[in-house]
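Breakdown of the fold
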Amino acid sequence: MKFEQRMYARLKFLDLMADLYESAFEDFFHRVMVTRHPNFLDVRTHGKLGDQGADGLTLHSRKLYACYAPQTGGASAVKTKFTKDLASAVRQRDGQFDTFVFVHNDRRGIHPQVATMLSTADSDHPALDFEQMGTRHIWQECMGLDLALAEDVLGCEIPVKPTVYGMGMDDLAPLLQHLKELRAEADPLMELPQVREEKLDFNQLRGESGDALLRGIRHTPLVEAFYAGGIRTLEHDEVARGFRIFYEQVRQEYRDPDDVLWQLEMYVLGNERQRPQVHRAAWVVLAHFFFRCDIFEAPPSDWSPAGLVSTQP
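Below or above, wherever it landed, is the structure these notes cover.

Calculation criteria
Residues numbered from 1 in each chain as written. Predicted model: local features only at pLDDT ≥ 70, side-chain atom pairs only at ≥ 80, totals over all residues. Heavy atoms only, no water. Pairing = 2+ DSSP bridges. Helix = DSSP H or I, 4+ residues; strand = E, 2+ residues; numbered from the N terminus. Contact = heavy atoms within 4.5 Å. Axes fitted to C-alpha atoms, helices over the stretch in contact; angles between N-to-C directions. Buried < 20%, exposed > 50% of the residue type's maximum accessible area, 1.4 Å probe, protein only. Parallel < 35°, antiparallel > 145°, perpendicular 65-115°, else oblique. Left-handed = near helix turned anticlockwise from the far one by under 90°. Nonpolar A, V, L, I, M, F, W, Y, C, P; charged D, E, K, R; others polar.

The next thing to look at is the sheet that holds strand β5 (residues 129–133). If you trace the 5 strands from one edge of the open sheet to the other, you get β1-β2-β3-β4-β5, paired in mixed fashion. Of all the strands in the sheet, the pair left with one neighbour each is β1 (40–41) and β5. Against the sheet, helix α5 (residues 135–143) makes contact with β4 (99–104) and β5, and its axis sits at roughly 80° relative to β5, the strand it touches most.

It is worth spelling out unusual backbone geometry at this point. In most cases, non-glycine residues show a negative phi, while peptide bonds are predominantly trans. With a phi close to 50°, Glu 22 is a non-glycine residue in the positive phi region. Positionally, Glu 22 belongs in helix α2 (residues 22–36). For Cys 293, which is not glycine, the phi dihedral falls at a positive 70°. Relative to the helices and strands, Cys 293 is located in the loop between α13 (276–291) and β7 (308–309). With a relative accessible area of 34%, Cys 293 lands in the partly exposed category.

Bringing the packing of α2 against helix α6 (residues 147–154) into the picture now. Where α2 meets α6, the axes come as close as 10 Å, and the angle between the chain directions of the two elements is 165°. Of the possible angle classes, the one that applies to α2 and α6 is roughly antiparallel. Where α2 crosses over α6, the two elements pack in a sense that is right-handed. Where α2 abuts α6, its residues Phe 28, Arg 31, Val 32 and Thr 35 lie against Leu 149, Asp 152, Val 153 and Leu 154. Its residues placed into classes, the contact of α2 with α6 shows 5 nonpolar, 1 polar and 2 charged.

Spelled out as structure tokens, the structure:
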């Protein structure tokens, strides 16, 4: 899909998610996962057996999914549901899964109580791994679909037409605002991270693109500070995963690394012209995920390095 198609699909996805609760949410989750993963089992409730603590299972990765998407509900209701599903899964599906995934419909991210429950459950069940799957993760699964399958899952045609989007990924809007406000306050005398030049060479990113990434690296500690600690760390991992998925799709469509970067820039900003300070903030974001190796490729160990370069602009 082209950028405009992805943005159209995302808007349709968010519109759908805004009205999906309880069984309707679970049905949509099943539709996404069955389409995306051939080994996903969409477990349905059956008489007295119920669902035996699972709303879905993946055979190869051995993950069990438990869905919770109420129209209203506080922290106590979340805790009750989580505890009940986990106990049921451990009791009735012992040996069938290695990872318990709590699937929810909270568009704002993971609830603090859910983060605490996952941490506690991880300590109480050392033989299991625990994950959460919210709107970001479900959208990332949708991003892995080709055009025809995405249209089928979303239940709409995704048109091919030029459309202007003022923002790319709305999950990045708070980070861009943070960088726009604090970027000018970065200490010009602070010790700069050493950047290995070979990644730029290996990915054929030189000239203006390489220089822009090197300038952006000066301010990437602001990105790290924004995502530091608790729930923000989980959000960081989700955003990084989204970048990787988008990058892997784009690199199949574009051969020129500069074109790939252009698409990634639109992923952050949208395709509408932005003010210079917002544009510079976006390149700080790209530099951060570039030098973390979430986008573009790290040179193989046997590739001849070019050494270290200074990140002075």
